[in-house]
Amino acid sequence: MNAADHPAPAEAPADPQVLVIFGATGDLARRNLFPGLFRLYAAGLLPEDFRVIGSGRHAPGSDEEFRDQLGEAVREFAGEVFDERRWKAFAARLGFVASSTDDGAELAAAVDRARRDTGGGERARLLLYLSVPPSIAGAMVEMVGATGLADDATLVMEKPFGTDLASARALDATIAGVVPEERVFRIDHFLGLEAVRTLLALRFGNGIFESFWNREHIASVVIDVPEDLGLEGRAGFMESTGTFRDMVTTHLCQILGVVALEPPARLTADALRAEKLRVFRALRPFDPAETVFGQFDGYRAEEGVAEDSTVETFVALRARVDNRRWRGVPFLLRTGKAMGSSQRLLTVTFREPPLDLFDADDLDDGDLDDGNGARLPDALTLELSDHPLVRLRLAARRPGAQPRLGRGDFTFRPAEFFAEDEPLEAYTRLLLDALRGDQTLFTGSDEVERLWEVCEPVLRDPPDPLPYARGSWGPEAALRLADPHGWAVPEA
Ligand SMILES: NC(=O)C1=CN([C@@H]2O[C@H](COP(=O)(O)OP(=O)(O)OC[C@H]3O[C@@H](n4cnc5c(N)ncnc54)[C@H](OP(=O)(O)O)[C@@H]3O)[C@@H](O)[C@H]2O)C=CC1
Ligand SMILES: O=C1O[C@H](COP(=O)(O)O)[C@@H](O)[C@H](O)[C@H]1O
């Protein structure tokens, strides 16, 4: 019997498993990684025998205290699956062992013990998850190499991967000397969102979408990820990383890659990653003249922020994919902290019909009117979430004597329609994929390096950040960047 409430379903990895989470006291571990592991456990998707070791330089007290702290976090973030009895059973397999970039001896001994405890010995698999600041990623990889921890381990690396092309190359070289590429999982949790699979299914599981997924029919693609949260205690991270490296070079570009890819021959890791790489090769290096940086009012007064900081907390830019499918179609990317709301929307706007038989007088009460007397174009919107909503906005004739057009929204939420199936939260899904050795939704070194090349002009010559009010949609200049159709949020 599995330690969870029900027998392990066929999908649970079978071999005993030891997981080491480096950065176990950090924000990501608390909010996503331990809750994600707990969700897998509750769903019977962890192997029967497993151990989890949290690691970092500073022990958060005794193992008991570590478990108590994590218990609070998992209760808060794992949602309805949390229950005390289950948590106690999970926590019994959990401990903390200190390590640092130059000392992993105690950890290596603890991993050996844990492998034996699972009963799997040599057969027990080992997964090392580096949830540490990017600045020490290379030194940590060297440490797990030197201690022998990496010898047969799967290595999961958090984003951002390096801080520019040179550092990403150096990190890749370090990793290649320690772990072969087929055991390296560069994580970007936006790729784990249920919405990404929804998009692949829409495009490749239906005849209709694929036939108009190109420059002939699509006028623009908007990837809009405003966040209402501010620094949340991560001032140090923001000051050293900035929003361009944190969000654009990673999450937003990866979503762009999925939207723009050519149909792969099969939905396998190799085929999908190869197609995404082809998109990134066709992606024109970003132009600083078409990039707007912003900094929210009051940022410099935040604790841990330099008084004269020029770090950007907001980015909007126009990207272009120079290939046969997309030439001339703007890809608009926007994200920022302390904005009007937290949403993640992909909006694909379609071209006008060649001959429009309806004029402005036929539009109903403004709901199809773009505010300038023109008709809002048709658009497909996808919420980039784990419970995505798909919406197709069309013009529809209103019943009655008058020839009036109204806005017709066709909406579909797979998780409601297929109510008996529960979507997996992004980190939960990606942890499971890594345990199973499935690299489909992880990024390859060549993708990451190409993206740094694309970002290089903006990194070399960053625009001055323009001020914007908290709770707004960013600097005025960024609003104009998205003309004529505008950003997805808040209008969508
Ligand atoms: N937080 C988030 O929302 C997200 C974060 N990420 C990525 O996850 C990673 C971790 O981020 P986050 O959890 O926010 O960061 P935090 O600063 O909250 O935590 C970092 C962790 O790393 C440990 N650490 C720091 N320096 C060292 C060192 N020299 N040697 C060993 N351990 C060290 C710290 O523990 P100690 O000081 O005890 O060593 C701490 O546990 C980053 O790469 C980030 O980009 C990705 C997606 C979302
Ligand atoms: O990687 C990151 O992502 C979060 C946004 O993702 P979410 O799933 O936590 O909403 C972002 O806030 C953070 O700055 C960034 O490091």
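Residues numbered from 1 in each chain as written. Chains lettered and ligands numbered in written order. Predicted model: local features only at pLDDT ≥ 70, side-chain atom pairs only at ≥ 80, totals over all residues. Heavy atoms only, no water.

K.L.:
In this structure, what is going on with the sheet that holds strand S8 (residues 291–296)? I would like to understand it.
P.N.:
Across a sheet, paired strands are connected by hydrogen bonds in the backbone, their directions being either parallel or antiparallel. Spatial strand order, S14-S13-S12-S11-S7-S10-S9-S8-S15: 9 strands in an open sheet with mixed pairing. Looking at the sheet topology across the chains shown, the edges are occupied by strand S14 (405–412) and strand S15 (466–468). Put simply, the sheet's adjacent strands are angled 20 degrees from each other on average, direction ignored. Across 4 bridges, strand S12 (residues 379–383) lies against strand S13 (residues 390–397) in antiparallel orientation. In the sheet register, Thr-381 faces S13, and the bridge partner there is Arg-391. Helix H7 (residues 194–204) rests against strand S11 (345–350), S12 and S13 of the sheet, and its axis sits at about 145 degrees to S12. (Pairing = 2+ DSSP bridges. Helix = DSSP H or I, 4+ residues; strand = E, 2+ residues; numbered from the N terminus. Axes fitted to C-alpha atoms, helices over the stretch in contact; angles between N-to-C directions. Contact = heavy atoms within 4.5 Å.)

K.L.:
Explain the site of ligand 2 to me, please; I cannot follow it from the model alone.
P.N.:
What surrounds ligand 2 is the set Lys-159, His-189, Phe-190, Glu-227, Arg-234, Asp-246, Met-247, His-251, Lys-337 and Arg-344. His-189 is positioned such that a nitrogen or oxygen atom in its side chain is 2.8 Å from an oxygen atom of ligand 2. Contact distances for ligand 2 include 2.7 Å between an oxygen atom and a side-chain N or O atom of Arg-344. When isolated, ligand 2 has an accessible area of 380 Å², and the protein chains bury 81% of it. Taken together, the residues that form the shell around ligand 2 break down as 2 nonpolar, 2 polar and 6 charged. (Near = heavy atom within 4 Å. Polar contact = N/O pair within 3.5 Å; in protein donor to acceptor, adjacent residues only side chain to side chain. Areas by Shrake-Rupley, 256 points an atom, 1.4 Å probe, with all protein chains shown as cover. Nonpolar A, V, L, I, M, F, W, Y, C, P; charged D, E, K, R; others polar.)

K.L.:
Is there a simple way to think about the nonpolar core in this case?
P.N.:
Burial of nonpolar side chains together is a common tendency in soluble globular proteins. Core analysis: the largest hydrophobic core is formed by 91 residues, its most contacted members being Phe-34, Phe-90, Tyr-129, Phe-286 and Phe-331. Ranked by residues supplied to this core, first place goes to helix H9 (residues 235–260) with 10 residues. In this structure, this core is formed jointly by two domains, domain 1 (17–158) and domain 2 (191–435 + 443–481), each of which donates at least three residues. If near-sequence neighbours (up to four positions away) are discounted, Phe-90 is found in contact with Leu-37, Phe-38, Tyr-41, Leu-46, Phe-50 and Val-52. The next biggest cluster of nonpolar side chains, apart from the first, holds 33 residues, and it includes Val-97, Ala-110, Leu-149 and Phe-161. (Core = buried A, V, L, I, M, F, W, Y, C linked by side-chain atoms within 4.5 Å. Buried < 20%, exposed > 50% of the residue type's maximum accessible area, 1.4 Å probe, protein only. Domains from an automatic or database assignment.)

K.L.:
Before we go on, may I ask you to explain the packing of H9 against helix H13 (residues 445–460) in this structure?
P.N.:
For any two helices packed against each other, one specifies the inter-axial angle together with the distance between the axes. As a packed pair, H9 and H13 sit with axes 11 Å apart at the nearest point and diverge in direction by 130 degrees. The orientation of H9 relative to H13 falls into the category oblique. Along this stretch, H9 crosses H13, giving a crossing that reads as right-handed. Residue-level inspection shows Phe-244, Arg-245, Thr-249, Cys-253 and Gln-254 of H9 in contact with H13, the latter providing Glu-447, Leu-451, Trp-452, Cys-455, Val-458 and Leu-459. Of the residues that constitute the contact of H9 with H13, the class distribution is 7 nonpolar, 2 polar and 2 charged. (Parallel < 35°, antiparallel > 145°, perpendicular 65-115°, else oblique. Left-handed = near helix turned anticlockwise from the far one by under 90°.)

K.L.:
Explain the site of ligand 1 to me, please; I cannot follow it from the model alone.
P.N.:
Close to ligand 1 lie 21 residues; Thr-25, Asp-27, Arg-31, Arg-57 and Lys-159 are nearest. Taking Gly-23, its main chain carries an N or O atom lying 3.5 Å from an oxygen atom of ligand 1. Between ligand 1 and the protein, one listed contact pairs a nitrogen atom with a side-chain N or O atom of Asp-27 at 2.7 Å. In the complex, 84% of the free accessible area of ligand 1, which totals 880 Å², lies under the protein chains. The dominant element in the shell around ligand 1, judged by the number of residues it contributes, is helix H1 (residues 27–42), at 3 residues. Looking at the shell around ligand 1 residue by residue, the classes come out as 9 nonpolar, 6 polar and 6 charged. Residue contributions to the shell around ligand 1 reach at least three from each of two domains, namely domain 1 (17–158) and domain 2 (191–435 + 443–481).

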